[in-house]
Amino acid sequence: MTPSPPPYRSLKLRTPHGPLVPVRDPEAVELTGPVFGVTDVTALDGDLTRQHRGEPIGERITVTGRVRDRQGRPVRGQLVELWQANAAGRYAHRRDQHPAPLDPNFTGCGRCLTDDDGTYTFTTIRPGAYAWRNHDNAWRPAHLHFSFFGTAFTQRLVTQMYFPGDPLLALDPVLHSVTDEAARARLVATYDHDLSVPEWSLGYRWDVVLDGPSATLFEEGHAR
Amino acid sequence: MTTPHAPTPSQTIGPFYGHALPATGGAEIAPLARPDTITLHGYVYDGAGEPVTDALLEVWQPAPDGSRTGAPGSLRRDPVTGLAAGRDGVTFTGFGRVPTDADGHWAIHTLPPGGVSYLSIAVFARGLLDHLYTRAYVRDDPDDALLATLDAGRRATLLAQAGPHRTYRFDIRLQGEDETVFLEFE
């Protein structure tokens, strides 16, 4: 039995004390949401290994999955954004002074639009574990940060994807901020050998379900 | 086993989204040279009253004519360089994105929302497990369904204060005394 990881320290002064106020108004603006298109994403933005003159150091991976709402309908043509540390566990961000090397050929940001099936796809490198100061000897497991838009602003999701079999998963305060074990498991991708490209990249599958009501749900009488 | 449609949990945005999410023109929702442009701005504070310097705000609102369809083009990219290209200066997309600065301050330029008296805001930050929804009301609205449910003190946290030159001040307090009203949608 692994002991629970220490708490995520930054919560203390930032978590509201008051309860969230429920909004049940079927005319709420939040039941609709922003849209994006081909002007917001270039064709190369989904390949984080081709943003510089040289190739980044690291294990090349492909990450793909479907974005759906809670009724299982694909979220089509919506924006997916990805950011991450490099193979050594360092972000290309000035505030990250972790003494691991920066990679001049890797910025670690990408975006794409979901297709008609709700599928997103990225090519990138597997990030390294990341040292932080939450507690003594604190290491974050390798993770990818993701941002998703649904059909409503209520369905907005920013989250993190993890890699299967990582021994640091059991020790991570951020992953364990999700207290339900089954829910935590939904943040861990699956290695999918069929997605691996011979002599090129390893494939991971990670499907996403966006929560929250939308105007179309109200129209169909599902929500209340 | 999980059901096929169980939602994916939220995780914190963390401190290092800066190269990925903010974009040139993200805060400039109003098309260029529109005389009806308003400025909505304020600070984000934590439970100790300190400014939150690594928050990201997203804004979603109807167009002045009440349309809620939005439009692409909030985060345009230059296909030549791959860098952020800014907006086209013509299209009203209804969506904006702005990080707080080193003072914890943010500002957007937009057009007044049509049909409602509020702009919807999502707050993301290190230390928030899930983003927080709130609303900046640019005028008090006795007919508004949400405001009607709140007592005067709580209601005041959602009312942006009109200032000179079509500016509106809207501070967000994540925790503690005068904590902003945050919303959930069911």
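Above this note sits the structure.
Rules used throughout
Residues numbered from 1 in each chain as written. Chains lettered and ligands numbered in written order. Predicted model: local features only at pLDDT ≥ 70, side-chain atom pairs only at ≥ 80, totals over all residues. Heavy atoms only, no water. Contact = heavy atoms within 4.5 Å. Buried area = accessible area lost by both parts, 1.4 Å probe. Polar contact = N/O pair within 3.5 Å; in protein donor to acceptor, adjacent residues only side chain to side chain. Helix = DSSP H or I, 4+ residues; strand = E, 2+ residues; numbered from the N terminus. Nonpolar A, V, L, I, M, F, W, Y, C, P; charged D, E, K, R; others polar. Core = buried A, V, L, I, M, F, W, Y, C linked by side-chain atoms within 4.5 Å. Buried < 20%, exposed > 50% of the residue type's maximum accessible area, 1.4 Å probe, protein only. Pairing = 2+ DSSP bridges. Axes fitted to C-alpha atoms, helices over the stretch in contact; angles between N-to-C directions.

Regarding the interface of chain A and chain B
In this assembly, 76 residues from chain A lie in contact with 71 residues from chain B. Note on chain A versus chain B: buried area summed over both sides is about 6400 Å², and carbon and sulfur give 58% of it. In terms of surface lost to chain B, no three residues of chain A exceed Arg 14, Val 29 and Phe 153 of chain A, which account for 13% of the buried area on that side. Summed over the shared surface of chain A and chain B, the result is 39 residue pairs in polar contact (both at pLDDT 80 or more). Counting residues per element, the ones that place at least two in the side of chain A that touches chain B are strand 1 (21–23), strand 3 (79–83), strand 4 (109–113), strand 8 (143–148), strand 9 (157–162), helix 1 (181–185) and strand 12 (208–210) of chain A. It is strand 9 of chain A that provides the largest number of residues to the side of chain A that touches chain B, a total of 5 residues. In terms of residue class, the side of chain A that touches chain B is made up of 38 nonpolar, 20 polar and 18 charged.

A closer look at the nonpolar core
One finds Trp 83, Tyr 120, Phe 146, Phe 148 and Trp 206 of chain A to be the most contacted residues of the largest nonpolar core, which totals 74 residues. The contacts of Phe 146 of chain A, once residues within four sequence positions are left out, are Val 63, Val 80, Glu 81, Leu 82, Trp 83, Tyr 120, Phe 122, Leu 157, Val 158, Thr 159, Met 161 and Trp 206 of chain A.

Some points on the sheet that holds strand 8 of chain A
All names here are of chain A. Ordered in space as 4-3-8-9, the 4 strands form an open sheet in which the pairing is antiparallel. Only two strands of the sheet have a single neighbouring strand rather than two, namely strand 4 and strand 9. With strand direction ignored, the average angle separating the axes of adjacent strands in the sheet is 20°. As judged from the 6 bridges shared by strand 8 and strand 9, these two strands associate in the antiparallel manner. The partner of Phe 146 across the bridge, within strand 9, is Thr 159.

Description of unusual backbone geometry
Trans peptide bonds make up most of the peptide bonds, and negative phi angles are found at most residues other than glycine. In this structure, Asn 137 of chain A takes a positive phi of about 60° despite not being glycine. Of note, Asn 137 of chain A is situated in the loop between strand 6 (130–132) and strand 7 (138–140). On the basis of relative accessibility, which here comes to 60%, the residue Asn 137 of chain A falls in the exposed class. Although it is not a glycine, Ala 33 of chain B adopts a positive phi angle of roughly 60°. With respect to the helices, strands and loops of the structure, Ala 33 of chain B is situated in the segment before strand 1 (38–45). The class for Ala 33 of chain B is exposed, based on a relative accessible area of 77%.

Some details on the pairing of strand 2 (residues 60–69) of chain A
Residues and elements named next belong to chain A. Burial within strand 2 is extensive, with 9 of its 10 residues counted as buried. Two elements, strand 2 and strand 5 (residues 119–125), share 7 bridges in a ladder whose sense is antiparallel. Note that in strand 5 the partner of Val 63 across the bridge is Phe 122. Bridging between strand 2 and strand 12 involves 3 bridges; their strand directions are parallel. Considered in strand 12, the bridge of Asp 69 is made with Leu 210.

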